[in-house]
Structure formats: structure tokens, C-alpha cells
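Results of the structural survey
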Amino acid sequence: MVDSPFLEPEALVSSLRLLCAQPSISGQARGLRDGAESVLSILRGIGLDCSMIATAGAPIVVGRHAAGAARTLLVHACYDVPPPGLRRDWHSDPFVPTIRQDILYARGAIIKGELVARAAAIGALIAQHVPLNIVFVAEGESLGGSPHLAAAREAIGACDTAVWSGGGFDARDVPLLYTGVKGLLQVELCATGAATSVPATYAATVSNPVWTLIHALAGLKSEYEEILIDGFYDEIAPPSRAALDAVQGLDVGEAARRAAWGVERFIAGAGGAMLARTELLSPAINISALHIAGADGPVIPAGARAELQLQLVPDLAPERVWTLLATHVESRRLPGVRLRRLPGGYAPYMSDGVAPDLARAAAVIYGDEARLLPLAPFVAPAALLLDGAGLISCGLERPSSARFGPNERLPLDDLVRHALFLTELIRRLAV
């Protein structure tokens, strides 16, 4: 195991406090600029030659280490965070990192903890002269579908392997390692009614766009969770035997999820290996936001819209799914309904897998080998930067992390062990 001041708990916590004190909220330009500057400072502090790529959205920070080696590693991280919500729901200020009982509470603790751990691991390995070229890229629009990340592809260049952000732990408390990630298509479904809000008195004769939107949404998914877009499943090949074998017997932490989320039953009663198989290998449609125009008081509102994310498995290309979806919505001929594609999105990405030696790296830190899984349950923009390179994704999220809720938290022991694990993992990539 590498001994380095970058991996000392005090150094890790100091860097995490610096990042979490920056309110780099998704879509808020000033906070994202300040967040990018803090990332730049951290990456320079570990010895990387850094630059910042300006985009129409958040800056992209790129750090490089040229070791003159035969192999190049791309390290991906994010610095944008969701809004904190109502501050009264937090026990402390979400942008004043607070430690209680060896747990750090702050908005962004998880995603920024992953960034800090990656930086510390890279700094330690550079100091040890590990023969591996490094390109570190940190983006600030991951929550918006990474609409400008492709701008960094030319600057980043080719790489052999990528270590990506995202992931959690299994029921054994060992990190899950993913060699593929889902793709993303983002759309907005809108319904319009009268030119202005109309008193509810006329609900028997004036169409309510909220009802129209509900009917449109209901046409996308059945009560049995089947996606109803015509031709959607025709694009998907059945899971391979290797993929099914990879998830066999996997417990993704079902009991911890039930306890933390208050979920009595998962969709279709999934549990055990079926829960893992469904979330890893199945596509999904999520409704993330609903907006009603002019809905103050007992009225018939003028309009309603929903933001949706389609999570795409391999063989589902965003352009093709967009065509299928647009055709499906048009075929239903609901009055006043229109579909709009939102910025951001990307294809799914699967690598050919990685050497089993990487899974054994977890045993050094966590006492047992990690599970290597062919596809992550989350979306990630790997396809925007990679072309055939190997991929390994791992992260710090637990069911109790509250990454999108109040009192987001990260146990400091998780942070330290993650940095040590990444150091061992990346060292093996250099062999």
C-alpha cells in the first residue's frame, strides 16, 4: 500500500471541506465557476498540469501528468451538486461542511468526496513515479446530462482505460465495480389548454391540460411497468449469459435500502438477484419534475409539462429512441401535446471488461474481492469521451447518503478507504 501525505485523513478532509464549501449548484453559473476554481487548485496541488475549458455551461477542468508511459488513464469526476432544498430541513448549513461523529454533512459530500479521493490517489501515485500517463477531467454539468462534455474530447485525447465516478457498495460493504454505464435521453412533454388560467367553474367544458398530460404520460408505461413506446424493446438484445452470471447471487444492499428509504416493496416485488438484474440490465423512464402554469387557486391551468429521463441500455441509441418516442406521442393524437428534446444526453457505453486483478484490489482494503458487473444502474457520459477504452466505475454512495435530500452525509472512514482503494486499483492498471 502506498504511503503518502495525500492519503492522510486530515488532507482528504481538508480538500473535501474546501470543495463542499463551494455552492456549485447545477445550473448556477457563478457557483460553478467558483467550484471549478477550487477543483483546479486541488489538481494543481497534486502535481497535475491544469487547464480550464470554457463552455456555454460550466467550465471543464482538465489536469495532465505525462509520465512518458505506454498507457494512459482517464480519471473522471464531477463537481456540480443538486440544490439543497429547504434549509430548515438541514441540521446545519448545507454549504458549511460539518463533522459529527466522524460523518461529514454537506451538499455534495458524495460526488465531491469521490473527486477528492481520486485526486489523492493520483497524487500519491505520481509521487511514487508509477509509469502511467494521467488525464483528469472534472465536469460541472453531470446533473444536466453533460451537454458540453464532448468539447473536452479533443483536448483529452486517446486513453487506454478510464476510472469513472459513480457507484456504491454491496451487502458485504465492498465496492461494486462496473465496466459499463447506461445512456441518457432527456425530454419534456408539454400540454397546453386555454390561453390563460380559467376558473374551475368551467371544468365540465374547458379542457384541463393537466389531465391531458396525465393521459400522455400514462401512454408511456403500463401498470405492469412495461414501456409502451412502439418498437422500443425491438432494439434491445437479451442479456448475455455472461451478464446474467455476473449478477447471479448479488445482494446490492436490499435491507439497507429498505431501512434508509422506507420502501416496503420494490417494483414487481423484485428482491435478491432479481433486484440486481432488473436495475442493472433494464431500461427505465423516470419523471423528474412536473410543472403547472398558472395553478394558483381553484383554476383550470393554462399548461402543464413534465421532464423525463430515459435510461438506455446497450443497443438503445438516443437518436433512435427519440424517433420512436416522437412517433409514439404523435400517434396518440392528444390535443395540445408536444414533445421537446432537452439538451444533454449520450449513448450507453460498455467496455470489454477489465482484468480480474482489479476486483482483487478491493481485498487489500475491504477484506474481500469486489464484484465486477457489466453495466451500472446509473447513467454516465462515458460515450462522449471514450472510444473502445476499458472502463471501471466505482463510488461512495450508500442508501443512507441522502445525496439528493437534506443532511447529505459521508462517513470519513468511507472517504479514506475509497482513496486507498483507488490507489491500489490504479496502481494495478499501470502494470
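Figured I'd write up the structure that's included with this text. (Residues numbered from 1 in each chain as written. Predicted model: local features only at pLDDT ≥ 70, side-chain atom pairs only at ≥ 80, totals over all residues. Heavy atoms only, no water.)

**So, the nonpolar core**
Ranked by size, the top nonpolar core spans 66 residues in total, and within it L43, I122, F136 and F421 carry the most contacts. At the level of elements, α1 (9-20), α2 (29-45), β3 (72-78), α3 (109-127), β6 (133-139), α10 (356-366), β18 (390-394) and α11 (412-429) are the ones that each hand at least two residues to this core. Sorting elements by how many residues they give to this core places α3 first, with 12 residues. For L43, the residues in contact, after removing those within four places along its chain, are L48, C50, V61, G63, A119 and F136. Counting residues in hydrophobic clusters, the runner-up holds 62 residues, among them I60, L184, L185 and A306. (Core = buried A, V, L, I, M, F, W, Y, C linked by side-chain atoms within 4.5 Å. Buried < 20%, exposed > 50% of the residue type's maximum accessible area, 1.4 Å probe, protein only. Helix = DSSP H or I, 4+ residues; strand = E, 2+ residues; numbered from the N terminus. Contact = heavy atoms within 4.5 Å.)

**Comments concerning the sheet that holds strand β4 (residues 98-100)**
Through backbone hydrogen bonds, the strands of a sheet pair up, either in parallel or in antiparallel fashion. Taken together, the 3 strands give an open sheet; going across it, the order is β4-β5-β19, and neighbouring strands pair in antiparallel fashion. Lying at the two open borders of the sheet, with one neighbouring strand each, are β4 and β19 (409-411). In this sheet, adjacent strand axes meet at a mean angle of 25 degrees when their direction is disregarded. Bridge count for strand β5 (residues 103-105) against β19 is 3 bridges, and the pairing is antiparallel. Within β19, the position partnered with Y105 by the bridge is R409. In the packing of α1 onto the sheet, the strands contacted are β4, β5 and β19, and the crossing angle to β5 comes to about 15 degrees. Contacting β5 and β19, α3 crosses the sheet at an angle of about 45 degrees to β19. (Pairing = 2+ DSSP bridges. Axes fitted to C-alpha atoms, helices over the stretch in contact; angles between N-to-C directions.)

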